[in-house]
Amino acid sequence: GTAGVLWTAFTLTFFAEWGDRSQIATIALAAHKDPVGVTVGGILGHAICTGLAVVGGRILASRISERTVSICGGVLFLLFAVHGVWQGPDD
C-alpha cells in the first residue's frame with residue numbers, strides 16, 4: 001500500500017544520501033550560512049530532484065522493461081567501477 005511505498009522510498013533515499021558528498025557539502029554550508037535557509041534549500045533541492053526522477057522513471061517504464069533498465073544500470077555501474085580502478089584515486 002501507500003505506507004509501504006512511502007517507507008521504502010524514505011529508507012532508500014535516507015540511506016543512499018547518508019554520508020555522501022552532498023550531505024558533507026550541506027554540513028559545510030550550514031556551518032557558514034543560515035541553517036534555516038540551508039535546510040529549506042536542501043529540502044527543495046531534494047524534492048525537485050526526486051520529482052524529476054519519479055516522472056522520468058514513469059516515462060522510462062512506459063517505454064522499456066524494468067529488466068532492461070536493471071541490466072543497463074548494472075553495466076553502467078561496472079563501467080564506472082573499471083574506470084575508477086583504472087584512473088585511481090589521485091587522478
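Check the entry above for the structure.
On a predicted model such as this, the values are computed, not experimentally measured, just so you know.

### Comments concerning the overall build of the protein
- Of regular secondary structure, the protein possesses four helices and zero strands.
- Listed by position from the N terminus, the elements making up the protein come as α-α-α-α.
- For 91 residues, the compact-globule formula gives about 12 Å, and the C-alpha radius of gyration of the protein, at 17 Å, lies well above that figure.
- Referenced to the eigenvectors of the C-alpha coordinate spread, the extents of the protein come out at roughly 45 × 45 × 20 Å.
- Going through the 91 residues of the protein one by one, you find that 2% of them count as buried.

### Focus: a nonpolar patch on the surface
- Among the surface-exposed residues, Trp 7, Phe 10, Phe 14, Phe 15 and Trp 18 lie close enough to one another that they form a single nonpolar patch of about 670 Å² accessible area.
- Mapped onto the elements, Phe 15 comes out in helix α1 (residues 2-17).
- Judged by relative accessible area, which is 59%, Phe 15 ranks as exposed.

### Observations concerning the environment of Val 38
- With respect to the helices, strands and loops of the structure, Val 38 is situated in helix α3 (residues 35-63).
- Assessed through its relative accessible area of 10%, Val 38 is described here as buried.
- Val 38 sits twelve residues away from Thr 26 along the chain, and the two C-alpha atoms are 7.2 Å apart.
- Residues within four places of Val 38 in sequence aside, it is in contact with Thr 26, Leu 29, Ala 30 and Lys 33.

### Things to note about helix α4 (residues 66-87)
- With 22 residues, α4 should reach 32 Å at 1.5 Å per residue; the first-to-last C-alpha distance of 31 Å fits that figure.
- Two residues or fewer after α4 comes Gly 88, characterised by a positive phi angle close to 80°.

Cut-offs applied
Residues numbered from 1 in each chain as written. Predicted model: local features only at pLDDT ≥ 70, side-chain atom pairs only at ≥ 80, totals over all residues. Heavy atoms only, no water. Helix = DSSP H or I, 4+ residues; strand = E, 2+ residues; numbered from the N terminus. Rg over C-alpha atoms; globule rule 2.2 N^0.38 Å. Buried < 20%, exposed > 50% of the residue type's maximum accessible area, 1.4 Å probe, protein only. Patch = residues over 30% accessible without salt bridge, like charges linked within 9 Å, V, L, I, M, F, W, Y side chains within 5 Å. Areas by Shrake-Rupley, 256 points an atom, 1.4 Å probe, with all protein chains shown as cover. Salt bridge = Lys/Arg side-chain N within 4 Å of Asp/Glu carboxyl O. Contact = heavy atoms within 4.5 Å. Expected span 1.5 Å × (residues − 1).

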